[in-house]
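A structural walkthrough
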Amino acid sequence: MREAIIHGPEALIEGATPASNLLPLRVEGLTLDLGGRRVLDGLDMELGPTGCTVILGPNGAGKSQLLRVLHGLLHPTAGVVDWNGVTPTQATPRQALVFQKPVLLRRSVAANVDFVLRSRGLPRARRDDLLDHVGLAHKARQPARLLSGGEAQRLALARAMATDPDVLFLDEPTASLDPASVNRIEHIIRRATQRGTRVILVTHDIGQARRMADDVVFLHGGRVTEHAPASRFFPQPQTLAARAHVTGGLVL
Ligand SMILES: Nc1ncnc2c1ncn2[C@@H]1O[C@H](COP(=O)(O)OP(=O)(O)OP(=O)(O)O)[C@@H](O)[C@H]1O
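Residues numbered from 1 in each chain as written. Predicted model: local features only at pLDDT ≥ 70, side-chain atom pairs only at ≥ 80, totals over all residues. Heavy atoms only, no water.

With respect to the site of the ligand
- Lining the immediate surroundings of the ligand are 14 residues, of which Arg 37, Asn 59, Gly 60, Lys 63 and His 204 lie closest.
- Contact between the ligand and Gly 60: an oxygen atom at 2.8 Å from a main-chain N or O atom of the residue.
- In the model, an oxygen atom of the ligand is placed 3.0 Å from a nitrogen or oxygen of the Gln 65 main chain.
- When the ligand is considered free in solution it has 640 Å² of accessible area, and contact with the protein chains removes 65% of it.
- Contributing elements (two or more residues each) for the shell around the ligand: strand S2 (37–47) and helix H1 (63–71).
- The dominant element in the shell around the ligand, judged by the number of residues it contributes, is H1, at three residues.
- Looking at the shell around the ligand residue by residue, the class counts come to four nonpolar, seven polar and three charged. (Near = heavy atom within 4 Å. Polar contact = N/O pair within 3.5 Å; in protein donor to acceptor, adjacent residues only side chain to side chain. Areas by Shrake-Rupley, 256 points an atom, 1.4 Å probe, with all protein chains shown as cover. Helix = DSSP H or I, 4+ residues; strand = E, 2+ residues; numbered from the N terminus. Nonpolar A, V, L, I, M, F, W, Y, C, P; charged D, E, K, R; others polar.)

This is the structure we're talking about:
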């Protein structure tokens, strides 16, 4: 049996004001079967009110499917997902999920943000600030399909932040981006966290995990095998699998 090290919600991150009453998040016995396969297997965890949680784990561990269940896109086969008394489906409108491959409309950069603002009945006047915030104001009239990978990710972030979500899920937002683009996106995420947005980030970039994480959830075989503050996780991962993952070894 795998060792499970679960810690409760962390203290408030200094300087951050929780914008949300969706936290803490409590997950108990979360099980998800897909295509006759058990993808999440009795997963338990609890996330505190502020900061950035990084979810680490090898390919196929269940990280992306976990984000989908927490966000209410997939219904669990069994178990409890409790957003402070609210179900994932009820919580969905107050959350945003950015996929690894940004989903953008075949319209201009500006129209991509306008679409989100309009769909939520929010003033279009916010668009210029949002584009400025992600460094894309000068590309507002350009078709979104002509953006580079890093620019497209930043536009996806602008769209996600247009609704001022309480919780922002990011699934490998900087995969295959150059170091400067990674830096810009990390800066945007950090500012969101400082403003009180709760960030839950999946990444395979251990350097990024070290830079961004307040706490780390290590997922293996559809289970949380370790959950600890980053300051404790990185120097001393408690499980063999987490140790191997952090040092680039083979996770069995
Ligand atoms: N629709 C599906 N039917 C059956 N199995 C699925 C389905 N979708 C995902 N899976 C399986 O669920 C497991 C977890 O997938 P998931 O995408 O969550 O992994 P991950 O940890 O995000 O991996 P990666 O790091 O490679 O992105 C994988 O083994 C995958 O093959």
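Now that the structure is up, let's keep going.
Overview of unusual backbone geometry
- Here the amide bond leading from Leu 23 into Pro 24 is cis, since omega sits at 10 degrees, within 30 degrees of zero.
- Relative to the assigned elements, Pro 24 resides in the segment before strand S1 (25–34).
- At Asp 164, a residue that is not glycine, the phi angle is positive and equals roughly 50 degrees.
- Examined against the element boundaries, Asp 164 turns out to sit in the loop between helix H5 (149–162) and strand S6 (167–171).
- Residue Asp 164 is classed as partly exposed on the basis of its relative accessible area, which comes to 46%. (Buried < 20%, exposed > 50% of the residue type's maximum accessible area, 1.4 Å probe, protein only.)

Overview of helix H4 (residues 126–133)
- All of the buried residues in H4 are Arg 127, Leu 130, Leu 131 and His 133. Axial view of H4: buried residues confined to an arc of 155 degrees, hence all on one face. Projecting away from the buried face of H4 at angles above 90 degrees are the exposed residues Asp 129 and Asp 132.
- In this fold, the buried residues of H4 make contact with helix H3 (109–119), H5 and helix H6 (179–194).
- Phi for Gly 135, located one or two positions after H4, is positive at around 70 degrees. (Arc of directions from axis to C-beta. Contact = heavy atoms within 4.5 Å.)

Focus on the UniProt feature "domain: ABC transporter" (unreviewed entry) in the protein
- In this numbering, the UniProt entry assigns the feature "domain: ABC transporter" (unreviewed entry) to residues 25–246.
- For residues 25–246, the helix share is 36%, the strand share is 27%, and the end-to-end C-alpha distance is 26 Å. (UniProt positions renumbered as here; feature names shortened; annotations may be inferred.)

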